[in-house]
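Overview (structure and organization)
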Amino acid sequence: MDDFWKKPNKPILALAPMAGITDSAFRELCRRHGAHVAYSEMASADALYYNPKKTMELLRFKESERPYVVQLFGRRPECFKKAAVVITKELRPDAIDINFGCPAKKVFGHGSGCALMPQKELAREIISAVCENTDLPVSIKIRAGIKETDAVDFIESTKDLPYSAVMVHARTYEGGFSGPLDFDIISKIKGIIPGKIVLANGGINTPQDGVDILRNHPDIDGLGIARGAWGRPYIFDEISEYLKTGKQPEEYGLERIKEIMIEHAELIWEDKKELGMFEIRKHLAWYIKGFPGAAKIREKLVLVNSVQDVKEILAGISPE
Ligand SMILES: Cc1cc2nc3c(=O)[nH]c(=O)nc-3n(C[C@H](O)[C@H](O)[C@H](O)COP(=O)(O)O)c2cc1C
């Protein structure tokens, strides 16, 4: 299979993986609004080993989402091996990613995610198990470090393996989701693996954040954006426009944002029906942050059950 990571669309703007957030509808929405690639929610390699049906359902996607990267987490190479085979044969996304960055208790506590960064031999076995059992390109997602192991050590000890790309969350494990960001270490990594794609992730919440990182670190191939796309799936378009014109893009107005909210509701309804309307409520609350009278509108939006509900509530909102 063609390695889409090698296509020269740079800087690459990626929707980073988020459990509970990057479902099919959100991936499609972000792709329509400028993301060049979208990652799945993390999927358990163990689940794919024992009982793949439910997890395969979680990973379903539409052709229009391509390039689509499926992310796996786990700790047992034999599970990654089987997961790679199943995903490659039955799902055929554009790439497979391996999670070496998650600090969440239910992942880290079982020895997966970021807990694997210091276990370099096991990490190598896992990467090899995936690379040897798929013809899809493979990527990894890591953190700036954990305890005595930093991202440079980790990359030094895996750089000979044939993965194509790495997304680096610029915070350490200890830094959680709000600690200091170290983008210099990401440049260092690019210097070690110049032939692989290196994406910077962490704290990119505005177009300015994204442009600053790319300007200060011109060696980095692109950005991974996670929470910055909450209520702002068009941040990808904004960054591209900023890079093209050299000027801060104008803030999206109320009417444009309302249209995107409806587009999101239609996409999620198409995919998940009533369950989708329950899940979109948090997104709707993120979109309206800063709207005039946001608190009152939020009270209504967190009760929506249909696209029509969303449309009716939004029709009642006008600029002050
Ligand atoms: C709700 C939520 C779910 C996440 N799920 C995943 C995941 O499934 N896989 C993963 O590698 N990282 C996951 N992350 C981490 C993000 O991909 C990203 O590395 C992190 O949020 C830092 O980027 P940001 O500052 O742009 O949010 C998640 C983060 C959040 C907030």
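Model, not experiment: these values are computed from the prediction.

**Some details on the overall build of the protein**
Of regular secondary structure, the protein possesses 13 helices and 10 strands. A compact globule built from 320 residues would reach a C-alpha radius of gyration of about 20 Å, and the protein, at 20 Å, matches this within 12%. The buried share of the protein, taken over its 320 residues, is 47%. Residue pairs at least 24 apart in sequence account for 69% of intrachain contacts in the protein once pairs closer than 6 positions are excluded.

**Regarding helix α4 (residues 77-91)**
Residues separated by three or four positions in an α-helix point in the same direction, a consequence of the helix having 3.6 residues per turn. Taking 1.5 Å per residue as the helical rise, α4 with its 15 residues ought to reach 21 Å, and the 20 Å between its terminal C-alpha atoms agrees with that figure. Those residues of α4 lying buried are C79, F80, K81, A83, A84 and I87. Along its buried surface, α4 packs onto α2 (45-50), β4 (68-73), β5 (95-99) and α6 (120-131). Positive backbone phi, at 50°, marks R92, one or two positions downstream of α4.

**Observations concerning the domain arrangement of the protein**
Each assigned domain of the protein is listed here: domain 1 (4-245) and domain 2 (254-315). Centre-to-centre, using C-alpha coordinates, domain 1 lies 28 Å away from domain 2. In this complex, domain 1 contributes eight residues to the contact, which on the side of domain 2 involves 11 residues. Its residues assigned to classes, the side of domain 1 that touches domain 2 shows five nonpolar, two polar and one charged.

**So, the environment of I21**
Within the secondary structure layout, I21 lies in the loop between β1 (12-15) and α1 (24-32). Under the C-beta neighbour-count criterion, I21 is labelled partly exposed, with 18 such atoms within 10 Å.

**Quick notes on the packing of α4 against α6**
The N-to-C vectors of α4 and α6 enclose an angle of 20°; their axes lie 8 Å apart at closest approach. In this view, α4 runs roughly parallel relative to α6, as classed from their interaxial angle. In this structure, the crossing between α4 and α6 has a hand that is right-handed. Mapping the contact onto sequence places P77, F80, K81 and A84 in α4 and E125, I126, A129 and V130 in α6. In terms of residue class, the contact of α4 with α6 is made up of six nonpolar, no polar and two charged.

**Points about unusual backbone geometry**
For the bond running from R66 to P67, omega is -5°, close enough to zero to count as cis. Mapping P67 onto the fold places it in the loop between α3 (52-58) and β4. In this structure, R92 is a non-glycine residue whose phi angle is positive, near 50°. Note on placement: R92 falls in the loop between α4 and β5. Looking at R92, the number of C-beta atoms within 10 Å reads 14, which means it is partly exposed. Despite not being glycine, K273 has its phi angle at roughly 50°, a positive value. Inspection of the secondary structure assignment puts K273 in helix α11 (residues 254-287). Residue K273 is classed as exposed on the basis of its C-beta count, with 10 C-beta atoms lying within 10 Å.

**Digging into the nonpolar core**
If you look at the biggest cluster of nonpolar residues, it comprises 94 residues, and the most contacted ones within it are A14, V130 and V168. The biggest single contributor to this core is α11, with eight residues. When residues of this core are assigned to domains, at least three map to each of domain 1 (4-245) and domain 2 (254-315). Among residues more than four places away in sequence, those in contact with V130 are F80, A84, I96, I98 and V138.

**A closer look at the site of the ligand**
Around the ligand sit 23 residues, and of these A16, M18, M42, A226 and R227 come closest. Taken together, the residues of the shell around the ligand break down into 11 nonpolar, nine polar and three charged.

**Details of the packing of α1 against α11**
Across the interface, α1 lies against α11 with an axial gap of 8 Å and an inter-helix angle of 170°. On the basis of the axis angle, α1 is roughly antiparallel to α11. Judged by residue contacts, S24, A25, E28 and L29 of α1 engage E263, H264, L267, I268, D271 and G276 from α11. Broken down by class, the residue content of the contact of α1 with α11 amounts to four nonpolar, three polar and three charged.

The rules behind these values
- Residues numbered from 1 in each chain as written.
- Predicted model: local features only at pLDDT ≥ 70, side-chain atom pairs only at ≥ 80, totals over all residues.
- Helix = DSSP H or I, 4+ residues; strand = E, 2+ residues; numbered from the N terminus.
- Rg over C-alpha atoms; globule rule 2.2 N^0.38 Å.
- Buried ≥ 20, exposed ≤ 12 C-beta atoms within 10 Å, placed from the backbone.
- Contact = placed C-beta atoms within 7 Å.
- Expected span 1.5 Å × (residues − 1).
- Domains from an automatic or database assignment.
- Nonpolar A, V, L, I, M, F, W, Y, C, P; charged D, E, K, R; others polar.
- Axes fitted to C-alpha atoms, helices over the stretch in contact; angles between N-to-C directions.
- Parallel < 35°, antiparallel > 145°, perpendicular 65-115°, else oblique.
- Left-handed = near helix turned anticlockwise from the far one by under 90°.
- Core = buried A, V, L, I, M, F, W, Y, C linked by C-beta atoms within 7 Å.
- Near = placed C-beta within 6 Å.

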